[in-house]
Amino acid sequence: RKEVEQDPGPFNVPEGATVAFNCTYSNSASQSFFWYRQDCRKEPKLLMSVYSSGNEDGRFTAQLNRASQYISLLIRDSKLSDSATYLCVVNRNNDMRFGAGTRLTVKP
Amino acid sequence: GAVVSQHPSRVICKSGTSVKIECRSLDFQATTMFWYRQFPKKSLMLMATSNEGSKATYEQGVEKDKFLINHASLTLSTLTVTSAHPEDSSFYICSASGRVVGGRADTQYFGPGTRLTVL
């Protein structure tokens, strides 16, 4: 079993749609959690950290369920510029493990 | 803040040559730097972790004699791919974590990557 598993997609959605990505992790001792986005042939960029109480940043909402070892990312009112691969990242003692990513394409 | 640069951005070399890639944290002290490799349409794979002034810790399956990592200062780490072969062609990305103003110490900030092509 992979340490971090994501639905690979692809997700093809129209502009304005709401889309949700899921991620599960296997190591219960994981300490911190992140979502990164990666555009084609570019480096990953931090989108947001994920806090236990859940957190929101504009159109993006992240949730963490430690009991189920599950992380989610919700994107509301999706824009064309949201098209990218979204990486779920789990950290323990500065050892970060990346999911394979979920590809999102937002279409006009 | 938290800018990481990488140089060069693209390298094309002949098989058997060595290639050095530099990773610099420009506006913070990177206590830890990481080197990743990514093949097309695949996930990032951690190659090694290095702390300033100490030897790098390599992931299983990564040859330390082939991928030489030096982390000589809090702002610079280098990866040297020795005797490169076509199968080493990949996207190499570094990241750094450390004391970032307004940020978390466990967040990794990525460089723009180096695309290596070995002919």
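Scroll up to find the structure this text is about.
The following refers to the structure shown. Everything numeric here is computed off the predicted structure, so don't read it as measured data.

**Details of the state of the cysteines**
So, step 1. On inspection of all chains with the given rule, the structure shows two disulfides over all chains.
So, step 2. For cysteine 23 of chain A, the disulfide goes to cysteine 88 of chain A, at an S-S distance of 1.9 Å. Taking the sign of the torsion about the S-S bond as the criterion, the disulfide between cysteine 23 of chain A and cysteine 88 of chain A, at about -75 degrees, is left-handed. Here cysteine 88 of chain A lies in strand β9 (residues 84–92) and cysteine 23 of chain A lies in strand β3 (residues 19–25), a separation of 65 residues in the sequence.
So, step 3. On the basis of relative accessible area, cysteine 88 of chain A is assigned to the buried category, the value being 0%.
So, step 4. Disulfide pairing is shown between cysteine 23 of chain B and cysteine 94 of chain B; the S-S distance is 2.0 Å.

**Side note on the sheet that holds strand β1 (residues 4–7) of chain B**
Residue and element names in this part refer to chain B.
So, step 1. The four strands lie next to each other as β1-β3-β8-β7, forming an open sheet whose pairing is antiparallel. With one partner strand each, in any of the chains shown, β1 and β7 (67–73) form the two edges of the open sheet. Averaged over all neighbouring strand pairs, the angle between strand axes comes to 15 degrees, with direction disregarded.
So, step 2. With six bridges connecting them, strand β3 (residues 19–25) and strand β8 (residues 76–81) associate as antiparallel partners. Bridge pairing in β8 links valine 19 to valine 81.

Thresholds applied
Residues numbered from 1 in each chain as written. Chains lettered and ligands numbered in written order. Predicted model: local features only at pLDDT ≥ 70, side-chain atom pairs only at ≥ 80, totals over all residues. Heavy atoms only, no water. Disulfide = S-S within 2.5 Å. Helix = DSSP H or I, 4+ residues; strand = E, 2+ residues; numbered from the N terminus. Buried < 20%, exposed > 50% of the residue type's maximum accessible area, 1.4 Å probe, protein only. Pairing = 2+ DSSP bridges. Axes fitted to C-alpha atoms, helices over the stretch in contact; angles between N-to-C directions.

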